[in-house]
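# Remarks on the overall topology
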Amino acid sequence: MVNGFNKELKDLLEHKFNLYNSTNFIIEDPISIPHAYNQKEDIEIISFLISIISWGNRKSIIKSGNKLREILGLSPIDFIMRFKERDLKKIDFVHRTFNKFDLIYFLKSLKNIYKNHDGLENVFSKNLNDEFMYNNISNFRKIFFSLNHEKRMEKHISNPKKNSACKRINMFLRWMVRNDGVVDFGIWKKIKPSMLSCPLDVHTANIGRKLNLISRKQNDLKTVLELDQKLRSFDKNDPVKYDYALFGMGVYEKF
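On a predicted model such as this, the values are computed, not experimentally measured, just so you know.

Right, let's talk about the overall build of the protein chain for a bit. Per the secondary structure count, the protein chain includes 13 helices and two strands. In terms of C-alpha radius of gyration, the protein chain reaches 18 Å, essentially the compact-globule figure of 18 Å for 255 residues. Counting over 255 residues, the protein chain shows a buried share of 56%. Counted over contacts in the protein chain with a minimum sequence separation of 6, partners at least 24 positions apart contribute 69%. Looking at the protein chain as shown, the accessible area adds up to about 12200 Å², and 49% of this sits on carbon and sulfur atoms. The distance from the centre of the 44 positive side-chain charges to the centre of the 30 negative ones in the protein chain is 5 Å.

Once that is clear, we can look at unusual backbone geometry. Despite not being glycine, R96 has its phi angle at roughly 55 degrees, a positive value. Take R96: its relative accessible area is 53%, and that puts it in the exposed class. Even without being a glycine, C166 presents a positive backbone phi close to 55 degrees. Here C166 shows up in the loop between α9 (134–144) and α10 (167–177).

Turning our attention to the layout of surface pockets. Unoccupied space between atoms shows up once a probe the size of one water molecule is rolled over them. One number sums up the size of the largest pocket: a volume of about 430 Å³. Every residue lining the largest pocket is counted, 24 residues in all, and those nearest its centre are D29, G56, R58, D201 and F247. Of all the secondary-structure elements, those providing two or more residues to the lining of the largest pocket are α4 (58–72), α10, α11 (202–210) and α13 (242–252). Looking at the lining of the largest pocket residue by residue, the class counts come to eleven nonpolar, five polar and eight charged.

This part covers helix α7 (residues 100–116). The end-to-end C-alpha separation of α7 is 24 Å, in line with the 24 Å expected for 17 residues at 1.5 Å each. Buried residues of α7: D102, L103, I104, Y105, F106, L107, S109, L110, N112, I113 and Y114, and no others. Where α7 begins, the side chain of N99 points an oxygen toward the backbone nitrogen of F101, at a separation of 2.9 Å. Remark: D118 follows α7 within two positions and exhibits a positive phi of approximately 65 degrees.

Applying the stated criterion to the full structure yields 24 aromatic pairs. Measuring from ring centre to ring centre gives 5.5 Å for F48 and F144, while their planes differ by 55 degrees; the resulting arrangement is tilted. With F48 in helix α3 (residues 40–52) and F144 in helix α9, this residue pair connects regions lying 96 residues apart in the sequence. A centroid spacing of 6.2 Å and a plane angle of 85 degrees characterise the contact between F234 and Y242, whose relative ring orientation is edge-to-face. Here F234 and Y242 have matching classes, each one buried.

Glancing now at α9. Of all eleven residues making up α9, eight are buried, and the element is well covered by its neighbours. Those residues of α9 that fall on the buried side of the exposure criterion are Y134, N136, I137, S138, F140, R141, I143 and F144. Looking at the buried residues of α9, the elements they touch are α3, α7, α8 (120–125), α10 and α12 (221–234).

In the structure shown here, the tally under the stated rule is 17 salt bridges. A salt bridge links K7 to D11; the nearest nitrogen and oxygen atoms lie 3.0 Å apart. Residue K7 and its partner D11 are located together in helix α1 (residues 4–20), separated by four residues, close to a single helical turn. Of the residues examined, K7 reaches a relative accessible area of 44% and is grouped as partly exposed. According to the relative accessible area criterion, D11 is partly exposed, its value standing at 40%.

Cut-offs used in this document
Residues numbered from 1 in each chain as written. Predicted model: local features only at pLDDT ≥ 70, side-chain atom pairs only at ≥ 80, totals over all residues. Heavy atoms only, no water. Helix = DSSP H or I, 4+ residues; strand = E, 2+ residues; numbered from the N terminus. Rg over C-alpha atoms; globule rule 2.2 N^0.38 Å. Buried < 20%, exposed > 50% of the residue type's maximum accessible area, 1.4 Å probe, protein only. Contact = heavy atoms within 4.5 Å. Areas by Shrake-Rupley, 256 points an atom, 1.4 Å probe, with all protein chains shown as cover. Lys, Arg positive; Asp, Glu negative; His and termini not counted. Charge placed at Lys NZ, Arg CZ, Asp CG, Glu CD. 1 Å grid on protein atoms, 1.4 Å probe; cavity = no way out; pocket = protein on both sides within 12 Å on 5 of 7 lines; lining within 4 Å. Points joined across faces, edges and corners; volume = space filled by probe spheres on them. Nonpolar A, V, L, I, M, F, W, Y, C, P; charged D, E, K, R; others polar. Expected span 1.5 Å × (residues − 1). Polar contact = N/O pair within 3.5 Å; in protein donor to acceptor, adjacent residues only side chain to side chain. Phe/Tyr/Trp six-rings, centres within 6.5 Å; stacked < 30°, edge-to-face > 60°. Salt bridge = Lys/Arg side-chain N within 4 Å of Asp/Glu carboxyl O.

Quick look at the structure:
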């Protein structure tokens, strides 16, 4: 039951969600890169890679995302399944601390996932027994880093078992699972939107605290769970839609 102050807060979040969940949001956001594709596997592969490099200035992320498009070509799934070692040697890529050696490993691991584990959706969807996705994210990390790799590469996929907020993976899951018909793709059907967690970045966290949705000072997993519980009290079926409201107010408004 939502009443009093909580109803006013819910009404505010609903208003801001409807304002920012629009095609205008796509233009300035990294999600614009996967919107250039149509096939399910192409969308999820490029979305995953874009989400992994999504830290820093959004313009620089989009610039790096377009570089990834040049590397993977018209069909990322075709590139993943058919590349040869000589193709990988030609790769020239860097986005902040994510370099060409990281990208090469990520491409090899994605190939393993599509060849031996029936794709990203299947890996993330195994044993959906919990209220949240964090055990599934941990299981995904185990499979993703099951090939021989440098330990330093593991920093690029957050570990919920180390109390990470897992912002980028939660954003990727939002893109894949929510079906708003506008921004998010909704191409994964095995995971319910009700299981998703808000991608907690500096903008959503700051606004969350100003609105008393968050009491903790750290931006960690416990804080995400605190925010999740509040957002689920407003919409238990699609709580992460309010990510648009919090992020939009943080980026575009002097709130």
